[in-house]
Amino acid sequence: MQPSAGQDLPHTRARAVHWLATAGALAGLLAAALLMPAGAQATGDPEPADAGTGDAPDPERADYPLDCGPWGTDVISRHATDFDGDGRRETVAVVRCSSGIGTPPSGVYVLAARRDGTVRIAETLVDPGEQLSVSDFRVDEGSISAKLHGYSSESVPRCCPDQERDVSWQWRQGEFALRAAPHTAPV
């Protein structure tokens, strides 16, 4: 469409009321994000129907080695299965510090129940200190898979990971064996 050579039509000029309405809408969205309850999720993979932990360790009761200050932790995803075949299910949980905005680094933990019912971390598969975020998290028949997103250097903005890697862990001979694809740059 060609711009007209004449004066702008009245409905094409931005007026102060338009800018105020836009600013108000953005302020409302930001306020909603910052005031979201600690356990709420704005994004993330939906949990499958079998993701409930039932008799497996409850990831909300675990004490994670995360320094989140006053914000606490969010369990982003969870799956329960019996990896070692002992008749008791373990829970695999993706956990990160609570955040109204942004994507803090994630940890992936395998949880087991003690005899007294308390929850312990049996294995750390992804340490939040590695500064990675997790997506496409799945647990299938003794296998855990995920896509890890990270940064090639300290100069890459923390909002925008520039590397990703598909990883999986298989339960073999009493431990989780890591299989990782090469780093790739996202498209």
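Quantities reported herein were computed from a predicted structural model and do not represent experimental measurements.

### Some thoughts on the packing of aromatic side chains
Counted by the stated rule, this structure contains three aromatic pairs. Geometrically, the ring pair formed by Tyr64 and Tyr109 is tilted, given 5.2 Å between the ring centres and 45 degrees between the ring planes. Residue Tyr64 is located in the loop between helix H1 (16–34) and strand S1 (73–81), and its partner Tyr109 is located in strand S3 (residues 106–113); the two are separated by 45 residues in the primary sequence. Here the two residues Tyr64 and Tyr109 agree in accessibility, since each one is buried. Centre to centre, the rings of Trp171 and Phe176 are 4.8 Å apart; their planes meet at 70 degrees, and the pair counts as edge-to-face. Of the residues examined, Trp171 reaches a relative accessible area of 28% and is grouped as partly exposed. Taking relative accessible area as the criterion, Phe176 reaches 12% and is therefore assigned buried. Here the aromatic cluster, defined as three or more aromatic residues joined through ring pairs, consists of Phe83, Trp171 and Phe176.

### Thoughts on the side chain of Ser106
On the secondary structure map, Ser106 appears in strand S3. In contact with Ser106, not counting residues within four places along its chain, are Val94, Val95, Arg96, Val126, Asp127, Pro128, Leu132, Ser133 and Val134.

### Structural notes on the state of the cysteines
Scanning the model with the defined rule gives two disulfides in all. The side chain of Cys68 participates in a disulfide bridge whose partner is Cys97; the two sulfur atoms lie 2.0 Å from each other. Between Cys68 and Cys97 the disulfide shows an S-S torsion of about -80 degrees. By sign, it is left-handed. Here Cys68, found in the loop between H1 and S1, pairs with Cys97, found in strand S2 (residues 90–97); they are 29 residues apart in sequence, far enough to count as distant.

### Focus: the environment of Arg61
Position of Arg61 relative to the elements: it lies in the loop between H1 and S1. Residue classification places Arg61 among the exposed positions, given a relative accessible area of 51%. Between the C-alpha atoms of Arg61 and Val119, which are 58 residues apart in sequence, the distance is 6.6 Å.

### Brief notes about the nonpolar core
Among soluble globular proteins, nonpolar side chains are generally buried collectively. Counting 18 residues, the largest nonpolar core has Val92, Val108, Phe137 and Ile144 as its most contacted members. Elements that contribute at least two residues to this core include exactly S2, S3, strand S4 (119–126), strand S5 (133–140), strand S6 (143–150) and strand S7 (163–172). Once residues within four sequence positions are removed from consideration, Val92 is found in contact with Ser77, Arg78, His79, Phe83, Val108, Tyr109, Val110, Phe137, Val139 and Ile144. Within the second largest apolar cluster, 11 residues are counted, among which are Ala62, Cys68, Ala93 and Cys97.

### Structural notes on the confidence of the model for the protein chain
Residues with a pLDDT of 70 or more make up 69% of the protein chain, whose mean pLDDT is 76. Ignoring residues within four places in sequence, the model shows residues 8–13, a span with pLDDT below 50, making four contacts including any to other chains. Counted against residues more than four places away or in other chains, residues 17–53, with its pLDDT under 50, gives 30 contacts.

### Observations concerning the layout of surface pockets
Using a probe with the size of a water molecule, rolled over the atoms, empty space left in the structure can be pinpointed. Estimates place the volume of the second largest pocket at around 310 Å³. Mapped by element, the contributors of at least two residues to the lining of the second largest pocket are S3, S4 and strand S8 (175–180). The class makeup of the residues in the lining of the second largest pocket is eight nonpolar, two polar and nine charged.

### Digging into the sheet that holds S5
Taken together, four strands build an open sheet; the order of strands is S5-S6-S7-S8 and the sheet is antiparallel. The open sheet has two edge strands with one neighbour each: S5 and S8. Across the sheet, the mean angle from the axis of one strand to that of its neighbour is 20 degrees, orientation sign disregarded. In this sheet, S8 lies alongside S7 in antiparallel orientation, the contact comprising six bridges. Its bridge partner lying in S8, Ser168 is registered against Arg179.

Calculation notes
One numbering rule holds for all chains: residues counted from 1, following each sequence as written. It should be noted that, the model being predicted, local features are given only for residues of pLDDT at least 70 and side-chain atom pairs only at 80 or more, the latter also being counted only at that level, while totals for whole chains, interfaces and linings use all residues. Water and hydrogen atoms play no part in the side-chain values, which are based on all heavy atoms of the structure. When two rings of Phe, Tyr or Trp (its six-membered ring) have centres within 6.5 Å they constitute a pair, described as stacked for plane angles under 30 degrees, edge-to-face for angles over 60, and tilted for the intermediate range. Going along the chain from the N terminus, every DSSP run of H or I of four or more residues is numbered as a helix, and every run of E of two or more is numbered as a strand. When accessible area is computed with a 1.4 Å probe and restricted to protein chains, residues below 20% of their type maximum are described as buried, those above 50% as exposed, and intermediate ones as partly exposed. Contacts are residue-level and defined by heavy atoms, with any inter-residue pair within 4.5 Å sufficient. Pairs of cysteine sulfur atoms within 2.5 Å are identified as disulfides in what follows. In these notes, a set of buried Ala, Val, Leu, Ile, Met, Phe, Trp, Tyr and Cys residues joined through side-chain atoms within 4.5 Å is what counts as a nonpolar core. How sure the predictor is of each residue is captured by pLDDT, a score from 0 to 100. In this analysis a 1.4 Å probe is tested at points of a 1 Å grid over the protein atoms alone, and where it fits but cannot get out there is a cavity; an open set with protein on both sides within 12 Å along at least five of seven lines is a pocket; lining residues have an atom within 4 Å of a point. Grid points are joined across faces, edges and corners, and a volume is the space filled by probe spheres set on the points. Note on residue categories: nonpolar means Ala, Val, Leu, Ile, Met, Phe, Trp, Tyr, Cys or Pro, charged means Asp, Glu, Lys or Arg, and polar means any other residue, Gly included. Each pair of strands is called paired provided DSSP finds at least two bridges between the two strands. Simply put, an axis is a line fit to the C-alpha atoms, just over the touching stretch for a helix, and the angle between two N-to-C directions goes from 0 to 180 degrees.

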